[in-house]
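Understanding the architecture of this molecule
Now for the letters of each chain:
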Amino acid sequence: MRDPLGESVVICIPTFKRPRMLNRLLDAIAALDTQADVRVLVADNDAETHAGLDLARARQAAYRWPLTAVIAPKRGIAQVRNTLIEQALKTDAAFIAMIDDDEWCDRDWITAFLAAARTSGADVLQGSILFGNDVALEGHGDIRHASGPVGMLQGAGNLLIRRAVLDGMTAPWFDPAFALSGGEDREFFVRLAHAGKRFAWCDEARAHGDIPDSRAGLGWLLRRAYSVGNSDMRVLLKHRPGLPRLMAESAKILAALLLSPPAAVILAGSPNRRAVPLQKLFRAAGKLTAMFGARYNEYAVVHGE
């Protein structure tokens with residue numbers, strides 16, 4: 001597919017100690033089939049060894065698109081995303097795309113996103129992230145939704161944002177309080193929803209990911225579920241939901257804590273389903289501990305290379 005209107009896009013890539021994966025992503029972006037005016041921006045969150053910065057700069061001269069690399073000196077996923085937006089807004093691009101360094105995109109990724117932006121009129125669009133059937137069987141399901149309007153987005157790993165959305169906000173765009181815990185994207189989306197921004201999903205704008213060995217087992221799935229529950233509750237508490245909403249969340253937490261253990265026993269013999277009740281249990285535990293002030297810093301550990 002080709003984009004006949006040729007809109008301008010800055011593709012923003014946060015990276016941290018994963019040069020091999022970053023190189024794979026840069027290869028995929030270089031192969032994009034699009035007539036859009038594309039620029040690529042890499043922000044390396046490793047100020048000490050800066051392998052991502054060095055890789056991007058080594059590729060600059062021969063790269064298909066204008067490629068810029070900078071250091072995001074303050075550690076944390078929110079900080080590196082803020083660095084990317086700050087740099088992207090120095091350009092005249094109409095759209096900012098975000099894709100994580102452990103992913104790679106299809107050839108028509110940007111073209112599909114821009115077509116969906118035109119037809120939907122949405123302020124922020126999310127694309128699907130596919131992991132493949134072999135890992136889905138182990139509990140790592142695809143991040144996928146049918147194309148069209150949605151009430152909430154699921155993560156910043158594959159996004160297209162209209163520049164006007166970011167111009168209308170004040171820095172920091174992503175809350176640094178979620179720097180090492182994750183959840184900065186959820187909090188960002190909640191703020192946008194409260195401001196009346198419109199979201200859409202574009203299943204055709206696909207990225208792909210693989211699962212490093214450190215994420216392949218049940219232990220990581222449960223830690224991830226706990227982390228998501230913990231950060232989701234912290235986002236909810238930040239936006240002062242009121243007593244009725246807190247009571248409803250408390251009831252959901254209690255139900256998960258009571259019902260998930262027997263469900264896990266029942267499904268223990270089903271490899272494709274046994275992780276589900278345990279994930280619900282750990283997610284509820286993460287929410288509960290967040291209500292008492294605990295914070296889980298998932299991004300203190302690097303997965304992949």
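See the structure shown above.
Since we're looking at a predicted model, the values are computed, not measured.

1. Description of the packing of aromatic side chains
Taken as a whole, this structure holds five aromatic pairs when the rule is applied. Through a chain of ring-to-ring contacts, the aromatic side chains of Phe174, Phe188, Phe189 and Phe199 assemble into a single cluster.

2. Concerning the environment of Arg39
Within the secondary structure layout, Arg39 lies in strand E2 (residues 37-44). The spatial distance from the C-alpha of Arg39 to the C-alpha of Ser8 is 8.0 Å, given a sequence separation of 31 residues. Excluding anything up to four places from it in sequence, Arg39 contacts Ser8, Val9, Val10, Ile11, Pro66, Thr91, Asp92 and Ala93.

3. So, the pairing of strand E3 (residues 67-71)
Two elements, E2 and E3, share five bridges in a ladder whose sense is parallel. Bridge pairing in E3 places Val40 opposite Leu67. Where the polypeptide runs from E2 across helix H2 (residues 51-59) and back to E3, its parallel neighbour, the crossover connection is right-handed.

4. Considering helix H4 (residues 109-120)
The terminal C-alpha atoms of H4, which comprises 12 residues, lie 16 Å apart, in line with the 16 Å expected from a rise of 1.5 Å per residue. Packed against the buried residues of H4 are strand E1 (8-15), strand E4 (95-99), strand E5 (103-105), strand E6 (124-130), strand E8 (158-162) and strand E9 (199-209). A positive phi of about 70° marks Gly121, the residue just after H4.

5. Some points on the nonpolar core
Formed by 39 residues in total, the largest nonpolar core has its most connected members in Ile11, Ile13, Ile29, Val40, Trp109, Ile110 and Leu160. Ranked by residues supplied to this core, first place goes to H4 with seven residues. Ignoring anything within four residues of it in the chain, the contact list for Ile29 reads Ile11, Ile13, Val40, Tyr63, Trp65 and Cys105. In this structure, Ala43, Leu84, Met98 and Trp173 belong to the second largest nonpolar core, which totals 32 residues.

6. Some details on the environment of Arg245
Of note, Arg245 is situated in helix H9 (residues 243-266). Overall, the relative accessible area of 42% leaves Arg245 in the partly exposed class. In the structure, Arg245 is positioned 120 residues away from Leu125 in sequence and 27 Å away in space, judged by C-alpha atoms.

7. Things to note about the pattern of salt bridges
Per the counting criterion, the structure on display carries 20 salt bridges. Among the salt bridges present, the one from Asp101 reaches Arg18, with a minimum N-O distance of 2.8 Å. Taken as a pair, Asp101 in the loop between E4 and E5 and Arg18 in the loop between E1 and helix H1 (19-30) lie far apart in primary sequence, 83 residues in all. Judged on exposure class, the residue Asp101 and its partner Arg18 are both buried. Between Asp100 and Arg81 there is a salt bridge; the shortest N-O distance is 3.4 Å.

8. Considerations on the packing of H9 against helix H10 (residues 275-291)
H10 packs onto H9 with a crossing angle of 145° between their chain directions and a minimal axis gap of 8 Å. Crossing handedness for the pair H9 and H10: left-handed. Contacts from Glu249, Ser250, Ile253, Ala256, Leu257, Ser260, Pro261, Ala263 and Ala264 in H9 reach Pro277, Leu278, Lys280, Leu281, Ala284, Ala285, Lys287, Leu288 and Met291 in H10. Considering only residue class, the contact of H9 with H10 consists of 13 nonpolar, two polar and three charged.

9. Some words on unusual backbone geometry
With an omega dihedral of 0°, the bond running from Ala171 to Pro172 counts as a cis peptide bond. With respect to the helices and strands, the residue Pro172 is situated in the loop between helix H6 (163-167) and helix H7 (184-194). Although it is not a glycine, Lys17 adopts a positive phi angle of roughly 60°. Inspection of the secondary structure puts Lys17 in the loop between E1 and H1.

10. A few points about the pairing of E6
Of all seven residues in E6, seven are buried; the element is thus mostly enclosed. Judged from the three bridges that link them, E6 and E8 form a sheet pairing that is antiparallel. By the bridge assignment, Leu125 is partnered in E8 with Leu160. With six bridges connecting them, E6 and E9 associate as parallel partners. Counterpart to Gly127 in the pairing with E9 is Cys202.

11. Looking at H1
Taking 1.5 Å per residue, 12 residues should reach 16 Å; H1 reaches 16 Å between its end C-alpha atoms and fits that length. Those residues of H1 lying buried are Met21, Leu22, Leu25, Leu26, Ala28 and Ile29. Looking down the long axis of H1, one finds its buried residues gathered within 160° of arc, a one-sided arrangement. The elements touched by buried residues of H1 are E1, E2, H2, E3, E4 and E5.

Calculation notes
- Residues numbered from 1 in each chain as written.
- Predicted model: local features only at pLDDT ≥ 70, side-chain atom pairs only at ≥ 80, totals over all residues.
- Heavy atoms only, no water.
- Phe/Tyr/Trp six-rings, centres within 6.5 Å; stacked < 30°, edge-to-face > 60°.
- Helix = DSSP H or I, 4+ residues; strand = E, 2+ residues; numbered from the N terminus.
- Contact = heavy atoms within 4.5 Å.
- Pairing = 2+ DSSP bridges.
- Right-handed = clockwise from strand over helix to strand, strands pointing away.
- Expected span 1.5 Å × (residues − 1).
- Core = buried A, V, L, I, M, F, W, Y, C linked by side-chain atoms within 4.5 Å.
- Buried < 20%, exposed > 50% of the residue type's maximum accessible area, 1.4 Å probe, protein only.
- Salt bridge = Lys/Arg side-chain N within 4 Å of Asp/Glu carboxyl O.
- Axes fitted to C-alpha atoms, helices over the stretch in contact; angles between N-to-C directions.
- Left-handed = near helix turned anticlockwise from the far one by under 90°.
- Nonpolar A, V, L, I, M, F, W, Y, C, P; charged D, E, K, R; others polar.
- Arc of directions from axis to C-beta.

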